[in-house]
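What follows is each chain in one-letter form.
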Amino acid sequence: MGEQKQGSIPVLPWMRDPVDVSLCQEFPVDHVPCLDSRLKVALQNMGISELFPVQVVVWQEIVGPGNFERDLCINSPTGSGKTLAYALPIVQTLSTRVVKCLRALVVLPTRDLALQVKEVFDEIASAVGLSVGLAVGQSSIADEISQLVTVPEYEAGSICYVPEDISLRLQRGFQSKVDILVATPGRLMDHINTTKGFTLEHLQYLVVDETDRLLREAYQSWLPTVLELTHYDDENISPLANSCLPYTFGPLRTRRTCGVERGFKGKPYPRIAKMVLSATLTQDPSKLSQLDLHHPLFLKAGKTRYQLPVNLESYQLICESNLKPLYLVGLLQTLGQEQCIVFTKSVVSTHRLCVLVNFFTSLQIKIREYSSLQRQSVRSKTLKAFRKGDFQVLVSSDAMTRGMDVEGIRNVINYDMPKYIKTYIHRAGRTARAGQTGRCFTLLRKDEARQFKKLLQKADNSSCCEHSVPSSVIEPLQPTYESALKKLKETVPRTPKKLKVGFKFSKGRNHENETKYT
Ligand SMILES: Nc1ncnc2c1ncn2[C@@H]1O[C@H](COP(=O)(O)OP(=O)(O)OP(=O)(O)O)[C@@H](O)[C@H]1O
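Just so it is clear, the model here is predicted, and its values are computed rather than measured. (Residues numbered from 1 in each chain as written. Predicted model: local features only at pLDDT ≥ 70, side-chain atom pairs only at ≥ 80, totals over all residues. Heavy atoms only, no water.)

Peer 1: Would you explain the confidence of the model for the chain in this entry?
Peer 2: Parts of the model with low pLDDT should not have their predicted coordinates read in detail. On average, the chain scores 84 in pLDDT, and the residues at 70 or more come to 81%. In the predicted structure, residues 154–163 sits below a pLDDT of 50 and forms seven contacts with residues beyond four places in sequence or in another chain. Per-residue pLDDT stays below 50 along residues 236–269; that stretch engages in 71 contacts with residues further than four places along the chain or on separate chains. Across the whole predicted complex the pTM is 0.87, and at the interface the ipTM reaches 0.99. (pLDDT = per-residue confidence, 0-100. Contact = heavy atoms within 4.5 Å.)

In structure tokens form, the structure reads like this:
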């Protein structure tokens, strides 16, 4: 069931008094209080000299006076730096750990997004000796297991005096090889259910990125499972204490039970510290209640619920439906060699449009598709080539690019008008990132213009200018367009089942139509 329409549900009390992140200034990395000097160097090596506003506020709430007393709900625009906002304080806090065990879990909806976030963690965690694991099904489960847990040579009688070390070494003879794990829900559940020695017992931090998308689908009920496995019904006893300790060292204490007093002064309350983030964070109480948030603090940017990047320019291009591909090619021609992402409403139209545009061979426009009709390995290769600049136009459907961060995207084109403002935000958010400028063009039929205007009004920065492609560009393309349509009819069936090699064949419906809240 999709989120109820805004306005029809009461906003939770704690969401009515948000911290406005946009009132915070960027802050020089050199002056960030308590920041480990090794992390300062790592950030400089990443070309980062100032923290963005959301990163400053989250730092203060976790490492600063906030002391992570409250779970954080972060609604910050696309490209505002949410990844580093959670990665940096987590790495800083864990940098003093003595025993390696899994203390931070970051969950994302897609494999490519998880790979992207892991790269950010890798750049900073290695600077302070922390290990980051990946559980996304990128490799075989056996390979992943070997990267996540190890069976130490445990000799009977070797007594260890560090309480955590005891719990680790006695925990069925396995030890974690990672401090932080970046995962997609499916593969996380595989490890929870089948990987010996994989445990969330010592988890202190849970990050749910792209929350509204992750909460929309059950993904094998990963969230209740994680919350159940890490919920302590007794102040000091972990759920596993009785099962794996052949003899007791008194009640098993993990750092979490004595570390974070989550707002209950004087009562160590064993809670995971949670951060949930999105550029379009849901306000639906029924969805948010699944997160079991503790004393949540709501961080958002600006006054309106939906924010577009400050340097984004929106344009609309009116054309007849049957000439949309022709106008798209004309628009791409005027954009020259600038990289752009074209969004369509489904995987089938993604494929058909990509084939059609590639028939315009004279234009030197290199265009490739990215959709769940393709095998994951093909998609990852395509994204890598796009990031390298091997081609300049990526055609995609909605579900595949939320959160994707590709340097230098100057233009986004909505080949199909988005139905929902959230979809528009995540599509347009592939450009104008990190304060850069960017343009979002939307191709519309005349009768869609009014609806599109209303849609944009739900966001701030919602001005939209008319854009036109000169007829001197369109007319010469007409003949090729006619022949391209004929070739398309001959080569590409309207149904996805018979698509060419390199595509996943599936029995079920093969669409990622723009769902209500992408
Ligand atoms: N402090 C910073 N200084 C300069 N660049 C930064 C900084 N923080 C992040 N960036 C860059 O900004 C870009 C966007 O960051 P990120 O992907 O974390 O944004 P986001 O808010 O998660 O966006 P989305 O909502 O689309 O996922 C990335 O290329 C990242 O490297």
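Peer 1: Could you clarify how one ought to interpret the site of the ligand in this entry?
Peer 2: As a matter of local geometry, the ligand sits amid 18 residues, with E50, Q55, K82, D405 and R433 nearest to it. Within the backbone of S80, an N or O atom sits 3.2 Å from an oxygen atom of the ligand. D405 has a polar side-chain atom sitting 2.7 Å from an oxygen atom of the ligand. When the free accessible area of the ligand is taken as 640 Å², the share hidden by the protein chains comes to 84%. Of the pockets mapped on this structure, the ligand occupies the largest pocket. Counting only elements with at least two residues in the shell around the ligand, the list comes to β3 (50–51) and α3 (82–94). There are two domains that each give the shell around the ligand at least three residues, and those are domain 1 (4–231 + 272–300) and domain 2 (312–491). (Near = heavy atom within 4 Å. Polar contact = N/O pair within 3.5 Å; in protein donor to acceptor, adjacent residues only side chain to side chain. Areas by Shrake-Rupley, 256 points an atom, 1.4 Å probe, with all protein chains shown as cover. 1 Å grid on protein atoms, 1.4 Å probe; cavity = no way out; pocket = protein on both sides within 12 Å on 5 of 7 lines; lining within 4 Å. Sits in = over half its atoms within 2 Å of the grid points. Helix = DSSP H or I, 4+ residues; strand = E, 2+ residues; numbered from the N terminus. Domains from an automatic or database assignment.)

Peer 1: Would you mind going over the side chain of D71 with me for this structure?
Peer 2: Counting through the fold element by element, D71 comes out in the loop between α2 (53–62) and β4 (72–75). What makes D71 buried here is its relative accessible area of 0%. Within the structure, the side chain of D71 is placed 2.6 Å from the backbone nitrogen of H294, a separation counted as a polar contact. (Buried < 20%, exposed > 50% of the residue type's maximum accessible area, 1.4 Å probe, protein only.)

Peer 1: Is there a simple way to think about the pairing of strand β15 (residues 367–370) in this case?
Peer 2: Successive side chains on a regular strand alternate, one facing one side of the sheet and the next facing the other. Pairing geometry for β15 and strand β16 (residues 393–397), over four bridges, is parallel. Pairing of Y370 across the sheet is with S396, part of β16. For the crossover from β15 across helix α15 (residues 376–388) to β16, the handedness is right-handed. (Pairing = 2+ DSSP bridges. Right-handed = clockwise from strand over helix to strand, strands pointing away.)

Peer 1: Where do I start with the nonpolar core in this structure?
Peer 2: As a rule of thumb, nonpolar side chains are buried together in soluble globular proteins. Grouped together as the largest cluster of nonpolar side chains are 78 residues, with contacts concentrated most on Y86, F121 and M275. There are two domains that each give this core at least three residues, and those are domain 1 (4–231 + 272–300) and domain 2 (312–491). What F121 contacts, discounting residues up to four positions off in sequence, is Y86, A87, V91, V106, S126, V132, I180 and V182. Within the second largest apolar cluster, 36 residues are counted, among which are Y315, L326, C354 and L363. (Core = buried A, V, L, I, M, F, W, Y, C linked by side-chain atoms within 4.5 Å.)

Peer 1: Sorry, what's going on with the packing of α3 against helix α4 (residues 111–125) here?
Peer 2: When two helices pack together, their arrangement is captured by the angle between the axes and the distance separating the axes. Running from N to C, α3 and α4 point in directions that differ by 35°, and their axes come no closer than 10 Å. Helix-helix and strand crossings are classified by hand; for α3 and α4 the assignment is right-handed. Contacts between α3 and α4 involve T83, L84, Y86, A87, L88 and V91 from the former and V117, V120, F121, I124 and A125 from the latter. Taken together, the residues that form the contact of α3 with α4 break down as ten nonpolar, one polar and no charged. (Axes fitted to C-alpha atoms, helices over the stretch in contact; angles between N-to-C directions. Left-handed = near helix turned anticlockwise from the far one by under 90°. Nonpolar A, V, L, I, M, F, W, Y, C, P; charged D, E, K, R; others polar.)

Peer 1: Can you help me understand the sheet that holds strand β6 (residues 132–135) in this one?
Peer 2: The pairing of strands in a sheet happens through backbone hydrogen bonds and is either parallel or antiparallel. Read from one edge to the other, the open sheet built from eight strands follows the order β1-β12-β4-β11-β10-β5-β9-β6, with strand pairing classed as parallel. Sheet topology places β1 (19–20) and β6 at the edges, where each strand pairs with a single neighbour. Here five bridges tie strand β10 (residues 205–209) to strand β11 (residues 273–278), and the two strands are oriented parallel to one another. Among the inter-strand pairings, D209 is bridged to a residue of β11, identified as L277.

Peer 1: Looking at this model, I keep getting lost on the layout of surface pockets. Mind explaining?
Peer 2: In this approach, a probe sized like a water molecule rolls over the atoms, and the result shows the empty space that is left. Roughly 1,400 Å³ of internal volume is contained in the largest pocket. Counting only elements with at least two residues in the lining of the largest pocket, the list comes to α3, α4 and α15. Per element, the largest residue contribution to the lining of the largest pocket is eight residues, and it comes from α4. (Points joined across faces, edges and corners; volume = space filled by probe spheres on them.)

Peer 1: I'm lost on the environment of P296 in this one. Help?
Peer 2: Along the chain, P296 falls in the loop between α12 (285–288) and β12 (297–300). Between the C-alpha atoms of P296 and D71, which are 225 residues apart in sequence, the distance is 4.6 Å. When sequence neighbours within four positions are dropped, the list of residues in contact with P296 reads W14, R70, D71 and C73.

Peer 1: Explain the domain arrangement of the chain here, please?
Peer 2: How large an interface is tends to be reported as the accessible area lost when its parts come together. By domain assignment, the chain separates into domain 1 (4–231 + 272–300) and domain 2 (312–491). Averaged C-alpha coordinates put domain 1 and domain 2 at centres separated by 33 Å. On the domain 2 side, the residues contacting the 16 residues of domain 1 number 18 residues. In total, domain 1 and domain 2 occlude about 1,400 Å² of area from one another, counting both sides; carbon and sulfur atoms represent 49% of this. Between domain 1 and domain 2 we count three salt bridges in total. For D212, the salt bridge identified is with R402, shortest N-O distance 3.0 Å. Elements with a contribution of two residues or more to the side of domain 1 that touches domain 2: α4 and α8 (211–216). For the side of domain 1 that touches domain 2, the leading source of residues is α4, giving five residues. Of the residues in the side of domain 1 that touches domain 2, the class split is four nonpolar, seven polar and five charged. (Buried area = accessible area lost by both parts, 1.4 Å probe. Salt bridge = Lys/Arg side-chain N within 4 Å of Asp/Glu carboxyl O.)

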